[in-house]
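# Chain and residue survey
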Amino acid sequence: MLDAAFFRRWMTATAVSVDREAERLTALDSPIGDADHGSNLQRGFAAVTAALDKEAPATPGAVLALAGRQLISTVGGASGPLYGTLLRRTGKALGDAAEVSEEDLAGALRTGVDAVMALGGAAPGDKTMIDALVPAVDALGEGFGAARAAAERGAVATTPLQARKGRASYLGERSVGHQDPGATSAALLVAGLAEAAGE
Amino acid sequence: MTNEKVVGIVLVSHSAQVAAAVADLARGLAGGEAAVPVAAAGGTEGGGLGTSAELIAAAAASVDRGAGVAVLTDLGSAVLTVKAMLAEGDDLPGHTRLVDAPFVEGAVAAVVTAATGAGLDAVAAAAMEAYDYRKV
């Protein structure tokens, strides 16, 4: 079973890897975005860890709700409401249970990913974070390690795609040949999950 | 005025200057006879380019007179942030609506219409109709 401490470890591990990879995320966002993805997410996840330290929410759902709210408030770019919605809807789906099963988490994450698709209007293949998140959720039944590998494969697989959402979509064919920064950061989030599980 | 409670307008842009300038333009073109509360929520809290949920929430609260709040946005994260805040339920005053409209023309139409004392439906409709105005 997964308790609030597990979900705090997930958020903390993600914050650490976002911090470490911020320059790479921003570099990926330079040719096809506005070159702020790394610094935006870095600011957002720093606020998440600060808020979690201060408020110490007691349930998995409350950890994700607080984290999501911080991301929407502090990121400043489109990744804020998108990641914020992902975490808040996932948290809401988990309810107020003190512990949840891996199956509960898989189902809740699917709800969260569906909410992100509804918010942003993106589908798989649009060269967005969805291209890492959907395969990760599909693989979650085989464990956190499998989800991490699926998210990483999904992020890499965005490279030959043409962007149809967000600022990169204005570039048309010029977006082809660049790995999507949002899919890349989504893979970090899924990797944080595996890390929290000690995998 | 048919309604003493006037609709409030919030203008959300990636840029503080754009939001403030469009607010000035809309107020100016609406004429001075009716005080329509218009608030700009531009840029991030740190003064950079982007969207701030905190600034949007504060702007919406500041223009809420009980007749609803119409929110107009420019693009990308501004749209998504307002949508995410509306989905949350308690981030924005009740009867807050994200209006699908061109930013400058829609803002002028919204403020002019709100100044007549029209309700939120009419203000939103006027802003959306600005899409139909062909320039050439």
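Quantities reported herein were computed from a predicted structural model and do not represent experimental measurements.

### Examining the nonpolar core
In terms of nonpolar packing, the biggest core is built from 73 residues, with A:F7, A:W10, A:M11, A:F45 and B:V10 touching the most fellow members. With nine residues, the single largest contributor to this core is helix α8 (residues 181-196) of chain A. By size, the runner-up hydrophobic cluster in this structure holds 27 residues, among which are B:V7, B:I9, B:A110 and B:A124.

### Notes on the confidence of the model for chain B
Across chain B, the average pLDDT comes to 93, with 96% of residues at 70 or higher. The ipTM value of the predicted complex is 0.90, and its pTM value is 0.93.

### Quick word on the layout of surface pockets
Of the voids in this model, the largest pocket is the one considered here, and its volume is about 1,200 Å³. A:A78, A:G166, A:R167, B:G76 and B:L80 are, among the 47 residues lining the largest pocket, the residues nearest its centre. Where the lining of the largest pocket is concerned, the elements lending two or more residues are α1 (4-32), α2 (37-55), α4 (79-94), α5 (102-120) and α8 of chain A together with α3 (77-88) of chain B. Its residues assigned to classes, the lining of the largest pocket comprises 22 nonpolar, 15 polar and ten charged.

### Re the packing of helix α1 (residues 16-30) of chain B against helix α4 (residues 103-115) of chain B
All names here are of chain B. Running from N to C, α1 and α4 point in directions that differ by 40 degrees, and their axes come no closer than 8 Å. The orientation of α1 with respect to α4, classified from their angle, is oblique. The hand of the α1/α4 crossing is right-handed. Residues V18, V22, L25, A26, R27, L29 and A30 of α1 touch α4, and the partners they reach there are F103, V104, A107, V108, V111 and V112.

### Description of the pairing of strand β2 (residues 38-42) of chain B
Residues and elements named next belong to chain B. Buried residues dominate β2, accounting for four of its five residues. Strand direction decides the pairing type here: strand β1 (residues 8-13) and β2, joined by five bridges, are parallel. Note that in β2 the partner of V10 across the bridge is A39.

The rules we used
- Residues numbered from 1 in each chain as written.
- Chains lettered and ligands numbered in written order.
- Predicted model: local features only at pLDDT ≥ 70, side-chain atom pairs only at ≥ 80, totals over all residues.
- Heavy atoms only, no water.
- Core = buried A, V, L, I, M, F, W, Y, C linked by side-chain atoms within 4.5 Å.
- Buried < 20%, exposed > 50% of the residue type's maximum accessible area, 1.4 Å probe, protein only.
- Helix = DSSP H or I, 4+ residues; strand = E, 2+ residues; numbered from the N terminus.
- pLDDT = per-residue confidence, 0-100.
- 1 Å grid on protein atoms, 1.4 Å probe; cavity = no way out; pocket = protein on both sides within 12 Å on 5 of 7 lines; lining within 4 Å.
- Points joined across faces, edges and corners; volume = space filled by probe spheres on them.
- Nonpolar A, V, L, I, M, F, W, Y, C, P; charged D, E, K, R; others polar.
- Axes fitted to C-alpha atoms, helices over the stretch in contact; angles between N-to-C directions.
- Parallel < 35°, antiparallel > 145°, perpendicular 65-115°, else oblique.
- Left-handed = near helix turned anticlockwise from the far one by under 90°.
- Contact = heavy atoms within 4.5 Å.
- Pairing = 2+ DSSP bridges.

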